[in-house]
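One letter stands for each residue in the lines below.
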Amino acid sequence: MFPGGPGEGVELIVAGEGALATEEMVLNIGPQHPSTHGVLRVVITLDGERITDAEPVIGYMHRGFEKLAEARDYRQIIALVNRHDWLSAFGNEVGVALIVEKMMGLEVPPRATWIRMLMAEWNRILNHLMFLGSYGLELGAMTPMFYAFREREEIQALMEAATGGRLHFTYCRVGGLKDDLPKGFLQHSQKLVKLVRHRLLDYAGLLLGNEIFKKRTIGVGTLPGDVAKDYGVTGPILQASGIAEDSRLTEPYLFYDQVDFEVPTGSNGDSFDRFHVLYQRIEQSLRIIEQVHDKIPAGPIIPAKMPKTIKAPEGNYYLRTENSLGECGYYMVSTGDKRPWRMKMRTPSFSNVSMIPYLLPGILVPDLIAVLGSVFFVVGDVDR
Amino acid sequence: MTPEEIVAHLQEVDASFVERSDIQFGQGSVWIPRDKWVAAATHLKACGRCRFDMFNFMSGVDWPDDDQIEVVAHLYSVRRQHHLNMKIRVPREGGSVPTLSGVWRGANWQERETWELFGVAFEGHPHLVKLLLPEAFEGYPLRKDFLLMTREAKEWEGREEPGPPDSSPRPGRVPSPAAHAPAHGEAP
């Protein structure tokens, strides 16, 4: 069968002295991969098991929101921006309402502002619970996901009672809100705060104190604070890198200056810190909600004197809000018309994902998902 | 620092940094000449008083009447907690801006996005390829003369077009009235 003896005709490649010669390999992660929560592709270059280069390929969900906004008036834009970060729809819409009110100089009734804060914080918890659950799933722990959806269901039911929506709320209006809270809402909300606070301990027990979880996340994917700022990274990821930047605290909007809360920070900026900061942010949100319950006044939810047409005066303004995943801001350029001349969406996930080429090189393939999952992002928020 | 102080400080450092400045709704903007764009950015980041350590976003605004595109970079200082809009105006055709990706790492993606959506080139950018749009996409979608695809296929009554009102071409596959209406006196 073989001419000659075994091994004859086979060229023997002898590696150079010292290390074994290796060859680089290019590997595609995604666009369909569970850890990307949508369609994000990462092209990684491997040397053995070690990643040497990573390039995220985005745009699979680009829907041209900024162009669409130019063809819609301000009321319609509120419904539109619900959809870029679909896990924190209320946080998005409150930003647009605030910037138009700021440009028009509209006075919002205090009750509406307090309700906005209440909803924004519940929405933040809704978003964070999703990532608390899914991050466990990515590391092989099934249970946290079920727990997260158990709590999410309760919160969604609460928000549905007031807004009518479970995902896209469209509850804000320029000047105030669509409806007042239904009867019994605050009592239910109070009960839910206690419930969620109690059940949060489940996650702490399952993940934060879990030896396997710690081994897989501590020291993995470390992001220094300076680099994070350079990339424009915000939200829990920046806070995990030790920088207590949160526009609720540094430049309070709504009534965040009238409530007590802290900005949790991490010390190492690794995957574990990012997850831990997310967990602590839920506790802080619950703290804010409790204070809102006590402070919410009676009164109207829409100004008595609303202009017939909503037209932002000429000029440009950038307003940022601390959304669930980081700084969500809108840069509005108006020519005095009833629709914006230009609306730039500064979304947190876009800047956060742009940091991936820094974060991934040097780590091992088995850690890839642990790191990618800890850069909490929503693909709709990246691509817009 | 307040926006006024930042502008005054920039003028003090180098009078040629500030072409024009303006404060709207309490937010400062400076227009920086093209040849000073990178130098001014480097100063804004390194200077202890400004310390703009966060590159927030970059984008463009199309002004077809002036035949110009305005590139806006929004800076924020985590340390000092102040904002600044860095602006520059370039011609719509063949306009280019020196890249800031050597100053802030975050500028890399933001400039790629601005380039593909507005058609403003960034000189010296290390990797200027399409980011959000497919490779083969033609045109610059956020310019005012680029119509929304749905509107081009079907006109919408009571429409609010993003462009100037008379610039919209006839919807696709609809011939002009001269082509399909019978001339006066002819049998249809």
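Every value quoted in this text rests on a predicted model; they were computed, and no experiment measured them.

**Student:** Quick rundown of the overall build of chain A? Include the residues and the values.
**Tutor:** For chain A, the helix and strand inventory stands at 15 helices and eight strands. In terms of its C-alpha atoms, chain A occupies a principal-axis envelope of roughly 100 × 50 × 40 Å. In chain A, of all internal contacts separated by at least 6 residues, the share reaching a separation of at least 24 is 70%.

**Student:** Tell me about the interface of chain A and chain B, and name the residues and values.
**Tutor:** Chain A puts 31 residues into the contact, and the matching count from chain B is 27 residues. Listing elements by their share of the side of chain A that touches chain B, those giving two or more residues are helix 1 (65-70), helix 3 (89-104), helix 8 (225-231), strand 6 (315-323), strand 7 (326-334) and strand 8 (342-346) of chain A. Of all the elements, strand 6 of chain A adds the most residues to the side of chain A that touches chain B, at four residues. Looking at the side of chain A that touches chain B residue by residue, the classes come out as nine nonpolar, nine polar and 13 charged.

**Student:** Which residues make up the nonpolar core, and what are the values?
**Tutor:** In this structure, Ile99, Met332 and Leu360 of chain A are the most contacted members of the largest nonpolar core, which totals 141 residues. Excluding anything up to four places from it in sequence, Leu360 of chain A contacts Ile44, Ile51, Ala54, Leu368 and Val371 of chain A.

**Student:** Describe helix 2 (residues 74-81) of chain A, naming the residues involved and giving the relevant values.
**Tutor:** All names here are of chain A. Every buried residue of helix 2 is listed here: Tyr74, Ile77, Ile78 and Val81. Down the axis of helix 2, the buried set is contained in an arc of 110°. They therefore lie on one face. Where the residues of helix 2 are buried, they touch helix 1, helix 3 and strand 4 (172-173).

**Student:** For the sheet that holds strand 3 (residues 54-63) of chain B, give the residues involved together with the corresponding values.
**Tutor:** Residue and element names in this part refer to chain B. Strand order across the open sheet formed by five strands is 1-2-5-4-3, with mixed pairing between neighbours. Unpaired on one side and paired on the other, strand 1 (20-24) and strand 3 mark the two borders of the sheet. Neighbour-to-neighbour, the strand axes of this sheet turn through a mean angle of 20°, independent of strand direction. Those strands touched by helix 1 (residues 3-13) are strand 1, strand 2 (27-31) and strand 5 (83-91), and its axis lies near 25° from that of strand 2.

**Student:** Kindly report on the sheet that holds strand 8 of chain A, identifying the contributing residues and their values.
**Tutor:** Residue and element names in this part refer to chain A. Overall, antiparallel pairing links the three strands, which are arranged 6-7-8 in an open sheet. The open sheet has two edge strands with one neighbour each: strand 6 and strand 8. Looking at each pair of strands side by side, their axes are set apart by 15° on average, direction ignored. Of the pairings in the sheet, the one linking strand 6 to strand 7 comprises nine bridges and is antiparallel in character. When the sheet's bridge partners are listed, Asn323 is paired in strand 7 with Gly326. Where helix 3 meets the sheet, it contacts strand 6 and strand 7, and its direction lies at approximately 145° from that of strand 6.

**Student:** Now, about unusual backbone geometry: what can you tell me, with residues and values included?
**Tutor:** The phi torsion at Thr170 of chain A lies on the positive side, around 45°, for a residue other than glycine. One can find Thr170 of chain A in the loop between helix 5 (143-163) and strand 4. By C-beta crowding, Thr170 of chain A is classed as partly exposed, having 19 other C-beta atoms within 10 Å. Phi at Arg51 of chain B takes a positive value of approximately 45°, unusual for a residue other than glycine. Turning to its location among the elements, Arg51 of chain B is positioned in the loop between helix 2 (37-46) and strand 3. Assessed through the 17 C-beta atoms surrounding it within 10 Å, Arg51 of chain B is described here as partly exposed.

Conventions used here
Per-chain numbering applies: the sequence of each chain, read as written, is numbered from 1 onward. As they are written, the chains are lettered A onward and the ligands numbered 1 onward, keeping that order. Local features in a predicted model are, by the rule used here, given only for residues with pLDDT of at least 70; side-chain atom pairs are given and counted only at 80 or more, and totals for whole chains, interfaces and linings are based on all residues. For the purposes of this entry, the term helix denotes a DSSP run of H or I that reaches at least four residues, the term strand denotes a run of E that reaches at least two, and both are numbered from the N terminus. C-beta atoms are placed from the backbone for every residue, and two residues are taken to be in contact when these atoms lie within 7 Å. Here the nonpolar group is Ala, Val, Leu, Ile, Met, Phe, Trp, Tyr, Cys and Pro; Asp, Glu, Lys and Arg are the charged ones; every other residue, Gly included, is treated as polar. Any nonpolar core is a set of buried residues, restricted to Ala, Val, Leu, Ile, Met, Phe, Trp, Tyr and Cys, that join up through C-beta atoms within 7 Å. Neighbour density around each residue's C-beta defines its exposure: 20 or more other C-beta atoms within 10 Å make it buried, 12 or fewer make it exposed, and counts between make it partly exposed, where C-beta atoms are placed from the backbone. The arc in question is the one traced by the directions running from the helix axis out to the C-beta atoms. In this scheme, strands are said to pair when DSSP sees at least two bridges between them. Here an axis means a line fitted to C-alpha atoms, over the contact stretch when the element is a helix, while the angle between two N-to-C directions is reported on a 0 to 180 degree scale.

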